[in-house]
Amino acid sequence: MCTRYISPEDREIEAAWYIGARSAERWLRSMNPLRKGPFIRRARDVTEYERELAVGQWGMIPPWSTSNIPQTKPRKGEVKGKRLSTVNARTDRMEKSPTYGSAWKKGQRCIIPASSFDEPNWESGKNQWWRFKRADGRPWGIAGLWDTWTDLKTGEVWDSYTMLTINANLHPLMSRMHRIEIDKATGLEIFDKRSVVPLEEHDFDRWLTCTVEEAREMLVLPSVGVIDAGPASDDGAPEAEEELVEV
């Protein structure tokens, strides 16, 4: 799962995605969970198709939440639920997910601009962050979902978004990222490497407008040729998210 990335500046986003209207909201370029960042969606309040730049929380807010911090539904006897990790949505679970299912079925897809994103590499026995950029120098356009949530206490409406991930076991580069998980019940290794889904420029508008069936066909791994990756050479990237319940 991706838990840290660098967002482009607004002028870079406007140039790369031909967005005419600049968002009034600002964002930190160094992104980690629950920070507000930019994403591109189909404009909601226009008759004809347009792209729209929005700013929302990275980490989808479940519909049952009592705050913007994602949590599980409280179990009997619990005052509040456990903290949820909703920055990434597994595509093999999202259709039935109470957090992501509605947004997927309603076609609330988005594109998350990223100058680079980081993934953990544990081949040495300890984590070495690797940074992923596009080989052509352009920003990534990562496939995602967005939704809105209303704070019942204040009436404030929040936009939030998540990055979609797919299995990357057979990818020559992405399969090297992340640790191999251990099944707590059996003690056996679980080899389920994940990758975000970068979109190519010619697919941006299709992703924002196509049917759910067509969108599923677009969930593919990036070719090695478009990736420029290696160990991160600085400490300026945001800290990774703590271990949380993933949905």
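Read on for an overview of the structure.

This brings us to the overall build of the protein. Assigned secondary structure in the protein consists of 4 helices and 16 strands. Against the globule reference of 18 Å for 247 residues, the protein gives a C-alpha radius of gyration of 18 Å, in line with a compact fold. Overall size of the protein, expressed as C-alpha extent along the three principal axes, is 55 × 55 × 35 Å. Taking all 247 residues of the protein together, 50% fall into the buried category. A sequence separation of at least 24 residues applies to 67% of the contacts in the protein between residues at least 6 apart. In the form shown here, the protein has an accessible surface area of approximately 12900 Å², with 49% of it arising from carbon and sulfur atoms. Each charge sign in the protein was given a centre, from 36 positive and 39 negative side chains, and these centres are 4 Å apart.

Pairing in this open sheet of 5 strands is antiparallel, and the strands run β2-β1-β8-β9-β15 from one edge to the other. Of all strands in the sheet, those with a lone pairing partner are β2 (30-31) and β15 (227-231), marking the two edges.

Looking now at the packing of aromatic side chains. Aromatic rings in a pair are described by how distant their centres are and how their planes are angled relative to each other. For the structure on display, the rule yields 6 aromatic pairs. Seen from their ring centres, F117 and F132 are 5.2 Å apart, and the 5 degrees between their planes marks the pair as stacked. In this pair, F117 sits in strand β8 (residues 116-121) while F132 sits in strand β9 (residues 128-134), placing the two residues 15 residues apart along the sequence. Classification of F117 by relative accessible area gives buried; the value is 3%. In this structure F132 comes out as buried when scored by relative accessible area, which is 0%. Aromatic side chains W149 and W158 sit 6.4 Å apart centroid to centroid with 65 degrees between the ring planes, which places their arrangement in the edge-to-face category. For the pair shown, W149 and W158 are each scored as buried. An aromatic cluster is present here, built from F117, F132 and W140 joined pairwise through their rings. The ring centre of W122 lies 4.0 Å from the NZ or CZ of R179, which sits over that ring.

Rules and cut-offs
Note on numbering: residues in each chain are counted from 1, in written sequence order. Per-residue local features of the predicted model are confined to residues with pLDDT of at least 70, and side-chain atom pairs are confined, for both listing and counting, to 80 or more; whole-chain, interface and lining totals are unaffected and use all residues. Side-chain measures were taken over the full set of non-hydrogen atoms in the model, leaving aside hydrogen atoms and water. Segments assigned H or I by DSSP are reported as helices when at least four residues long, segments assigned E as strands when at least two residues long, and all are numbered from the N terminus. Restricting the calculation to C-alpha atoms gives the radius of gyration, and the globule rule supplies 2.2 Å times the number of residues raised to the power 0.38. Any residue under 20% of the maximum accessible area for its type is buried, any over 50% is exposed, and the rest in between are partly exposed; the area is computed with a 1.4 Å probe on protein chains only. Any two residues having at least one pair of non-hydrogen atoms within 4.5 Å are treated as being in contact. Using the Shrake-Rupley algorithm and a 1.4 Å probe, accessible areas are obtained, with residue cover drawn only from the displayed protein chains. Two residue types count as positive, namely Lys and Arg, and two as negative, namely Asp and Glu; His and chain ends fall outside the count. Here the site of a charge means atom NZ of a Lys, CZ of an Arg, CG of an Asp or CD of a Glu. Being paired, for any two strands, means DSSP has found at least two bridges between them. Paired rings are identified among Phe, Tyr and Trp, the last through its six-membered ring, by centres lying within 6.5 Å, and are further divided according to the angle between planes into stacked (under 30 degrees), edge-to-face (over 60) and tilted (the rest). As a reminder, the over-ring test applies to NZ of lysine and CZ of arginine, requiring each to be within 6 Å of the ring centre and within 35 degrees of the ring normal.

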